[in-house]
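Here are the chains, one letter per residue:
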Amino acid sequence: MEKVVIIGTGCAGLTAAIYAARANLAPLVLTGNMPGGLLTTTSIVENFPGFPEGIDGYELMTRLQKQAERFGAKVKFGTVESVDLSRRPFTLSVDGDPVQAETIIIATGAGHRHLGLESEHLLDKKGVTYCATCDGALPMFRNQPLVVVGGGDSACEEATYLTRFASVVYLVHRRDSLRASKIMTERTLANPKIKPVWDSAVTEVLDVQQDKVTGVRVKNLKTGAESVLDCAGLFVAIGHVPNTQLFRGVIDLDENGYIIPKQGAATNVPGVFVAGDCSDHVYRQAVTAAGMGCAAAIEAERFLAAENQ
Ligand SMILES: Cc1cc2nc3c(=O)[nH]c(=O)nc-3n(C[C@H](O)[C@H](O)[C@H](O)COP(=O)(O)OP(=O)(O)OC[C@H]3O[C@@H](n4cnc5c(N)ncnc54)[C@H](O)[C@@H]3O)c2cc1C
């Protein structure tokens, strides 16, 4: 019987683990198929407080894990396949084995929606990225033309943010108007550095031969005409998919699948808490996920303390 099971070892899960372990709860922390979470896929993190020179994403997550283990967290490679939250103790099936838990912290993160192009995959992190806040300031993108794909609030925010660094930002959207809120649409279209490319889709990222982004091939969906936009970076901003399918029908989710927190880090099921990008469609940053992990662990600890555990 575990007092706390933490599902996920990204910034949210491992920060929750540090707090729960320091509260003597010896949390079991399950990695899923991406130990260390999304940040392990990036080379340099420049906006996590405390690292003035930046830090390699993998190194940062290794340090978080060591910090949690130092205080007694048990980090175990395993994926939660199903959960029974109908009564306490809760039961999780982890790679076929049952695990019982008094409380659970869900920190399963969210994945980016991809365009689904082979060239996009091959040039990932070689100019293709999914986060302007994370990567926009990198030297490779400075004073260069950049392309953002998408038409919602996120795409507009990314495009606007990138105008600080880019020479010009092409905003490629499938339709002839943006889906974003009115104010965001107006602000985006009024920005002289943003050039909308309407009714269009990116069909190929160039240049796989050179192993870096030099441009994108764009197809006008109305006329069928193809053209090439020269650019040093492609920022894909067509949405995220929270990893919450396991909890559908049990934990309250919004229409996009994000867990709806109640009173801080609680969920609609007493004893189940949530942290990080699986419940955050607004900020999606390492430090905000870590902060939410801290909050979830403190709430789990208080929940158990109220039951004299
Ligand atoms: C390329 C890239 C660069 C980035 N750069 C920055 C940056 O510079 N600065 C910044 O602040 N943010 C950056 N981010 C965003 C940052 O990575 C995320 O905001 C952060 O990782 C969210 O943490 P999380 O713990 O909520 O989720 P994640 O990091 O996504 O971790 C989710 C965890 O849950 C696990 N999991 C999922 N399902 C299950 C299951 N069924 N059973 C068990 N475990 C499961 C996964 O294996 C993983 O360990 C970047 C993201 C990417 C993709």
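Residues numbered from 1 in each chain as written. Predicted model: local features only at pLDDT ≥ 70, side-chain atom pairs only at ≥ 80, totals over all residues. Heavy atoms only, no water.

A.B. asks: Account for the nonpolar core, naming residues and giving values.
C.D. replies: Ranked by internal contacts, the top residues of the largest apolar core, which has 35 residues, are Ile-6, Cys-11, Leu-39, Ile-105 and Phe-273. Elements represented by at least two residues in this core include exactly β1 (2-7), α1 (11-22), α2 (57-70) and α7 (286-306). If we skip the residues at most four places from it in the chain, Ile-6 touches Gly-13, Ala-16, Ala-17, Pro-27, Leu-28, Val-29, Leu-30 and Ile-105. Within the second largest apolar cluster, 22 residues are counted, among which are Leu-28, Ile-104, Leu-253 and Val-269. (Core = buried A, V, L, I, M, F, W, Y, C linked by side-chain atoms within 4.5 Å. Buried < 20%, exposed > 50% of the residue type's maximum accessible area, 1.4 Å probe, protein only. Helix = DSSP H or I, 4+ residues; strand = E, 2+ residues; numbered from the N terminus. Contact = heavy atoms within 4.5 Å.)

A.B. asks: A description of the sheet that holds strand β9 (residues 145-149) should follow, citing residues and the corresponding values.
C.D. replies: With parallel pairing, the 5 strands of this open sheet are ordered in space as β8-β15-β9-β10-β11. Whereas interior strands pair on both sides, the edge strands pair on one side only; in this sheet they are β8 (128-129) and β11 (194-197). Pairing of β9 with strand β10 (residues 168-172), which is carried by 5 bridges, proceeds in the parallel orientation. For Val-147, the partnering residue across the bridge sits in β10 and is Tyr-170. Along the sheet, helix α5 (residues 153-162) makes contact with β9, β10, β11 and β15 (233-236), crossing β9 at roughly 170°. (Pairing = 2+ DSSP bridges. Axes fitted to C-alpha atoms, helices over the stretch in contact; angles between N-to-C directions.)

A.B. asks: Which residues make up the state of the cysteines, and what values go with them?
C.D. replies: Scanning all chains against the criterion turns up 1 disulfide. With no disulfide of its own, Cys-231 lies closest to Cys-131 among cysteine sulfurs, the gap being 18 Å. (Disulfide = S-S within 2.5 Å.)

A.B. asks: Which residues make up the pairing of β10, and what values go with them?
C.D. replies: Of all 5 residues making up β10, 4 are buried, and the element is well covered by its neighbours. Once you follow β9 into α5 and on to β10, the crossover reads as right-handed. When β10 meets β11, the two strands line up parallel, connected through 4 bridges. Bridge assignment links Val-169 to a residue of β11, and that residue is Ile-194. After leaving β10, the chain enters helix α6 (residues 182-190) and then returns to the sheet as β11, a path that is right-handed. (Right-handed = clockwise from strand over helix to strand, strands pointing away.)

A.B. asks: I'd like to hear about the packing of α1 against α2, residue by residue, with values.
C.D. replies: Angle between the axes and distance between the axes are the two parameters that describe a pair of packed helices. Packing of α1 against α2 brings their axes to within 8 Å, and their N-to-C directions diverge by 20°. By the angle between their directions, the pair α1 and α2 is classed as roughly parallel. As α1 packs across α2, the resulting crossing turns out to be left-handed. Counted together, Cys-11, Leu-14, Thr-15, Ala-17, Ile-18 and Ala-21 of α1 and Met-61, Leu-64, Gln-65, Gln-67 and Ala-68 of α2 form the full contact between these two elements. Of the residues belonging to the contact of α1 with α2, the class tally is 8 nonpolar, 3 polar and no charged. (Parallel < 35°, antiparallel > 145°, perpendicular 65-115°, else oblique. Left-handed = near helix turned anticlockwise from the far one by under 90°. Nonpolar A, V, L, I, M, F, W, Y, C, P; charged D, E, K, R; others polar.)

A.B. asks: Mind laying out the site of the ligand, listing which residues take part and the relevant values?
C.D. replies: The environment of the ligand is made up of 33 residues, and the closest members are Thr-31, Met-34, Asn-47, Asp-277 and Ala-286. At a separation of 2.9 Å, an oxygen atom of the ligand approaches a polar backbone atom of Leu-38. Between the ligand and Val-80 there is a distance of 2.9 Å, counted from a nitrogen atom to a backbone nitrogen or oxygen. Taking 1000 Å² as the accessible area of the ligand by itself, protein coverage stands at 93%. Only α1 and α7 provide two or more residues apiece to the shell around the ligand. Looking at the shell around the ligand residue by residue, the class counts come to 14 nonpolar, 17 polar and 2 charged. (Near = heavy atom within 4 Å. Polar contact = N/O pair within 3.5 Å; in protein donor to acceptor, adjacent residues only side chain to side chain. Areas by Shrake-Rupley, 256 points an atom, 1.4 Å probe, with all protein chains shown as cover.)

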